[in-house]
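Here's the letter readout for the chains.
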Amino acid sequence: MKLSNITSAIRIESASDTVPQSLPKDLGFGRYFTNRMFTQRYSADLGWHDAAIVPYGPLRLDPAAQVFHSGQMVFEGTKAYRRPDGSLNLFRVEKNAERFNRSATRMGMPAVDERLHLQAIAELVRLEHRWVPDQAGASLYIRPVMVSMERTLEVRASREYLHYIILSPVGPYFATGFQPVSVHVSDAYVRAVRGGTGEAKTPGNYAGSLYATEDARAQGYQQVLWLDAVERRFVDEVGAMNIAFVYEGKHIVTPPLSGSILPGITRDSILQLAPDLGYSVAEDRIDIHAVLRDIESGKVTEAFTMGTAAVIAPVGRLGYRGKDVVVHGFEPGPVARALYEELTGIQYGRRPDRYGWTRVVHTAESREQVPAK
Ligand SMILES: Cc1ncc(COP(=O)(O)O)c(C=O)c1O
């Protein structure tokens, strides 16, 4: 199908273009939503159909819909950034669409047409361009979702699904500047095991992490570091972010994609651009005991997390079995800062995109958009 056919396959209903005056400066994360959303439906006999951009509003769901009982559901997170010339950037959105489909497949759900999905994102962002904040560090968060809709309590893959995409203007993750986070290494709870669903972006992984996260918060930490579920010894990831350690100020090590961690697009971008900034990179198993020793001896000079929401967050403190280890004097380190500046520079169109990672969506003023691949 040609791209033009796909665009015309999306029905566009009229909706308000007004951004409420009452929208506060402090947007937070995921509190406000734009005027429109994309939806399409799937049924076993028709496949995907009825693609439309419609006014944002509540969904009608049967209380027996499978999502409420067997929990078949996947989602994604990516962002649109305001460029200096007022147009918008989408960042590696094709990778995001691929991961959406990989998650769907893992959860026994049908794949979406990635070109239609990307076209829906580009069109929705273009229509809602007024909602993309222009404060430093703010962006328009894009949340694609797929839920199982069939009305049955039988535990089996659904034959009906809803695919939708909503948009939320979000503020800078670090409202008061680039700040280190305190992380609790979880000994008692695990997030995911190889062969399980850890590498899929499915809500159960997040629901299962909340109790341990609240427990860590009560102890004064912001995030949980998850160890591998088998030996409880090797570092997996932190909260909803991947993690890396910096050895001697120049060598970046992150756990390999072993099957239990989410393959982050930020992680992949850092692995590609770090060598261009003069750092070496490796994907290696990281023994929690060894890395804590290396932090204490000064061999590990920095630790940082990677993910779409914060891009990069320095880790300032790791707590494990009642003992705390401070990283880089609880100050952001130079490697995290350099990577943050480079990656956000590309995302916001302030620095050259040598990797071809961004797609420009022109606003209503230019009335044209670069089609997604
Ligand atoms: C569990 C988990 N790990 C890592 C990440 C980072 O992935 P990305 O860089 O693609 O946002 C996310 C965010 O999507 C996540 O939910």
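Presented here is an overview of the structure given in this document. All values derive from a computational prediction rather than experimental measurement.

## Topic: the site of the ligand
Reasoning step 1: Contacts to the ligand come from 16 residues, most closely from Arg-99, Tyr-206, Glu-237, Thr-266 and Thr-308.
Reasoning step 2: At 2.4 Å from an oxygen atom of the ligand is found a side-chain nitrogen or oxygen belonging to Tyr-206.
Reasoning step 3: Take Glu-237: an N or O atom from its side chain is 2.5 Å from a nitrogen atom of the ligand.
Reasoning step 4: Protein coverage of the free-state accessible area of the ligand, which is 390 Å², stands at 96%.
Reasoning step 5: Contributions of two or more residues to the shell around the ligand are made by helix H5 (265-273) and strand S15 (300-307).
Reasoning step 6: By residue class, the composition of the shell around the ligand is 6 nonpolar, 6 polar and 4 charged.

## A look at the pairing of strand S9 (residues 181-185)
Reasoning step 1: Burial within S9 is extensive, with 5 of its 5 residues counted as buried.
Reasoning step 2: The two faces of S9 match: Val-181, Val-183 and Val-185 on one face and Ser-182 and His-184 on the other face are all buried.
Reasoning step 3: Note: S9 against strand S16 (residues 311-320), 4 bridges, orientation parallel. Note that in S16 the partner of Val-183 across the bridge is Leu-318.
Reasoning step 4: Pairing between S9 and strand S10 (residues 223-227): 3 bridges, direction parallel. Bridge pairing in S10 places Val-183 opposite Gln-223.
Reasoning step 5: Traced from S9 through helix H4 (residues 203-218) to S10, the parallel crossover comes out right-handed.

## Overview of the side chain of Ser-182
Reasoning step 1: Mapped onto the elements, Ser-182 comes out in strand S9.
Reasoning step 2: Here Arg-317 takes part through its side chain, which lies 3.1 Å from a polar atom of the side chain of Ser-182.
Reasoning step 3: Excluding residues within four positions of it along the chain, Ser-182 makes contact with Gly-220, Tyr-221, Gln-222, Gln-223, Arg-317 and Phe-330.

## Here we look at the nonpolar core
Note that soluble globular proteins tend to have their nonpolar side chains buried in a common cluster.
Reasoning step 1: Counting 25 residues, the largest nonpolar core has Ile-252, Phe-304, Ile-312 and Leu-339 as the members making the most contacts within it.
Reasoning step 2: Put simply, the parts of the chain that give this core at least two residues each are strand S12 (242-247), H5, S15, S16 and helix H7 (334-347).
Reasoning step 3: Element by element, the count of residues in this core is highest for H7, at 5 residues.
Reasoning step 4: Beyond its immediate sequence surroundings of up to four residues, Leu-339 is in contact with Ile-252, Ile-270, Leu-273, Ala-274, Leu-277, Tyr-279, Phe-304 and Ile-312.
Reasoning step 5: Within the second largest apolar cluster, 24 residues are counted, among which are Leu-124, Val-125, Leu-127 and Ile-165.

The rules behind each value
- Residues numbered from 1 in each chain as written.
- Predicted model: local features only at pLDDT ≥ 70, side-chain atom pairs only at ≥ 80, totals over all residues.
- Heavy atoms only, no water.
- Near = heavy atom within 4 Å.
- Polar contact = N/O pair within 3.5 Å; in protein donor to acceptor, adjacent residues only side chain to side chain.
- Areas by Shrake-Rupley, 256 points an atom, 1.4 Å probe, with all protein chains shown as cover.
- Helix = DSSP H or I, 4+ residues; strand = E, 2+ residues; numbered from the N terminus.
- Nonpolar A, V, L, I, M, F, W, Y, C, P; charged D, E, K, R; others polar.
- Buried < 20%, exposed > 50% of the residue type's maximum accessible area, 1.4 Å probe, protein only.
- Pairing = 2+ DSSP bridges.
- Right-handed = clockwise from strand over helix to strand, strands pointing away.
- Contact = heavy atoms within 4.5 Å.
- Core = buried A, V, L, I, M, F, W, Y, C linked by side-chain atoms within 4.5 Å.

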